[in-house]
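# Residue-level structure breakdown
Chain residues, written in single-letter form:
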Amino acid sequence: MTDVGDGLSRVPPHDVEAEQAVLGGMLLSEQAIKGVIEIIEGPDFYRPAHETIFRVIAAMAMQGIPIDPITVAAELTERGEIARVGGASYLHTLVQQTPTAANAEYYAEIVRKAATRRNVLEAVESAAHLARSGDGDLDAILDTLREQITAAAEASSLSRRSDTGWEFSDLSAVLNGSHKPVTPVVGARDDGHGLFYPGHVNGIQGESEAGKSWVALIAALTEINRGNHVVYIDFEDSEAGVVSRLLLIGALPRDLQERFHYVRPHITPAPVDLRLFACRVAEVEPTLVVVDGVTEAMSMLGLELKDNTEIARFRRLLLRPLADTGAAVVSLDHVVKNSESRGRYALGGVHKLNGVDGVQYMLEAVHPFGINVEGRSRLRIAKDRPAQVRKHALPSGKHPLHWFADLVVKSEGESFAEAHIYPPIERTDETAEGEKDAKSEAEIARRKGKILAVLEKAGCPLTTNGITSSVPGRTPVTRAALARLVDSGEVVAKPGPKRAMMHSLPDKRQAKA
């Protein structure tokens, strides 16, 4: 029986036949299950028995249990709910009354629309009751009504597939030369070249502790300092761990409070939850969205890591909707341990790389990161679909991947760290890693003398920025020379106000000066 409601009937809008056809399609086809759960949830069903059956099928599908009337009846029996849904015979009836499983998503749209109508009527009737009774503040009643109707409208519009891509494209911009390629403007290397493409899915892959999160956090701080918002979806760490590292590299608490949005998911979301979350992300208009922990995220969503179909589904459910907000989406992923067999691919297969339509970096550990040490990793380009990043990289001889940058994090105790993404250094030959160029060494030696002269003249401790602004020449060389002086004990570095590192001459040399 179908009743979509006429505005006068006391029976809420619903369509029992559509609900039965949805469930019948799910019992007949695994593909139908995947499509349906992207459109509706349990509460969208009018009949409680139908909601119970839907939840059991969805739960079994997430666990990889085969779905058919017999297996579902067994699960319902084990839960003590088989009689409540009409017995095992009702499951067979659902299958028999379903015209075709191929139309399950269409039937789900009918169920969703009826549920939306019920939600709107419930909100209006509740507000009308409060308004008549005189209970409650009028502004609060109106605010609640507005929120409920807006939520219903969002849930309804998010399921509509108006932008399918199945139409002829307008080629005018490409043909007349007015088309401009997307450029990587999110995040920045130390020389100013951007790291990631806005509105695209980008990625960083590497072994554990290679510094993937450091690259993401440096990019996040760059965007925050530009006045932009950043969303960080974390499946591996905690808010304390992530925020403390941002503070460690110089982020200001006020800026993080205003423009850094941290998310730590704990339970498996329904597809509609992911769609609503994408809307909330769009509201803050971030330039960067980090998804830290692809393996953990896919596991939470019940997706198989090595199944290319499931990888594509993960991209469709989470990464692509986030990129559609206009932000640069950056996923952090692991690689296999064997460097010889990993190629360009993250853990799980080639389809992960195929899903990247921006840039994908491979991060190789050079020196480990830690407290009071200088860690270093190398960023190489595994894929650059728009081809605007690789032109700022260097070929690496026998290495198949271009060298784009070096991540360097120098820890100076537990309260401060210098973090950089340095551009590659062009060499005329393939020297061994760490071999020093004589010209560079001479330049650093000269710069060390200038730094000592500046400190002697100042007569008081100076910050790193204070030194680099007082010593002429390239800042990276000055920083390298300063680090050498600190390591050799010729300059003393101590934490100062606002986590700044203050540099001065040793007491004996200062007294002599």
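Above this note sits the structure.
Residues numbered from 1 in each chain as written. Predicted model: local features only at pLDDT ≥ 70, side-chain atom pairs only at ≥ 80, totals over all residues. Heavy atoms only, no water.

### Examining the overall build of the protein chain
- Helix and strand counts for the protein chain come out as 20 helices and 15 strands.
- Expressed as a percentage of contacts within the protein chain between residues at least 6 apart in sequence, the contacts between residues at least 24 apart total 66%.
- For the protein chain, the accessible surface area stands at approximately 26,700 Å², while carbon and sulfur atoms represent 53% of it. (Helix = DSSP H or I, 4+ residues; strand = E, 2+ residues; numbered from the N terminus. Contact = heavy atoms within 4.5 Å. Areas by Shrake-Rupley, 256 points an atom, 1.4 Å probe, with all protein chains shown as cover.)

### Some words on the nonpolar core
- In this structure, Phe196 and Tyr361 are the most contacted members of the largest nonpolar core, which totals 43 residues.
- With 9 residues, the top contributor of residues to this core is helix α9 (residues 212–225).
- Those residues in contact with Tyr361 that lie beyond four places of it in its chain are Leu195, Phe196, Gly203, Ile204, Gln205, Leu379, Arg380, Ile381, Ala382, Val389 and Phe404.
- Counting 33 residues, the second-largest nonpolar core is a separate cluster that includes Ile40, Phe45, Leu76 and Tyr90. (Core = buried A, V, L, I, M, F, W, Y, C linked by side-chain atoms within 4.5 Å. Buried < 20%, exposed > 50% of the residue type's maximum accessible area, 1.4 Å probe, protein only.)

### So, the environment of Arg275
- In this fold, Arg275 is placed in helix α12 (residues 271–284).
- Put simply, Arg275 and Leu322 are 47 residues apart on the chain and 9.2 Å apart in space, counted from C-alpha to C-alpha.

### Looking at the packing of helix α3 (residues 48–62) against helix α4 (residues 69–78)
- Running from amino to carboxyl end, α3 crosses α4 at an angle of 105°, the nearest separation of the two axes being 10 Å. Taken together, the axes of α3 and α4 are roughly perpendicular relative to one another. Every residue of α4 that contacts α3 at Thr52, Ile53, Val56, Ile57 and Met60 is listed here: Thr71, Val72, Glu75 and Leu76.
- Of the residues in the contact of α3 with α4, the class split is 6 nonpolar, 2 polar and 1 charged. (Axes fitted to C-alpha atoms, helices over the stretch in contact; angles between N-to-C directions. Parallel < 35°, antiparallel > 145°, perpendicular 65-115°, else oblique. Nonpolar A, V, L, I, M, F, W, Y, C, P; charged D, E, K, R; others polar.)

### Some words on the pattern of salt bridges
- Within the structure shown, the criterion is met by 21 salt bridges.
- For Arg320, the salt bridge is made with Asp357, and the minimal N-O distance between the two is 2.8 Å. With Arg320 in helix α14 (residues 308–323) and Asp357 in the loop between α16 (350–354) and β8 (359–367), this residue pair connects regions lying 37 residues apart in the sequence.
- A salt bridge links Glu443 to Arg447, with the shortest nitrogen-to-oxygen separation between them at 3.3 Å. Of this pair, Glu443 and Arg447 are both found in helix α17 (residues 438–458), 4 residues apart, which corresponds to roughly one turn of the helix.
- Owing to a relative accessible area of 21%, Glu443 belongs among the partly exposed residues under this scheme.
- Among the residues examined, Arg447 registers a relative accessible area of 6% and is labelled buried. (Salt bridge = Lys/Arg side-chain N within 4 Å of Asp/Glu carboxyl O.)

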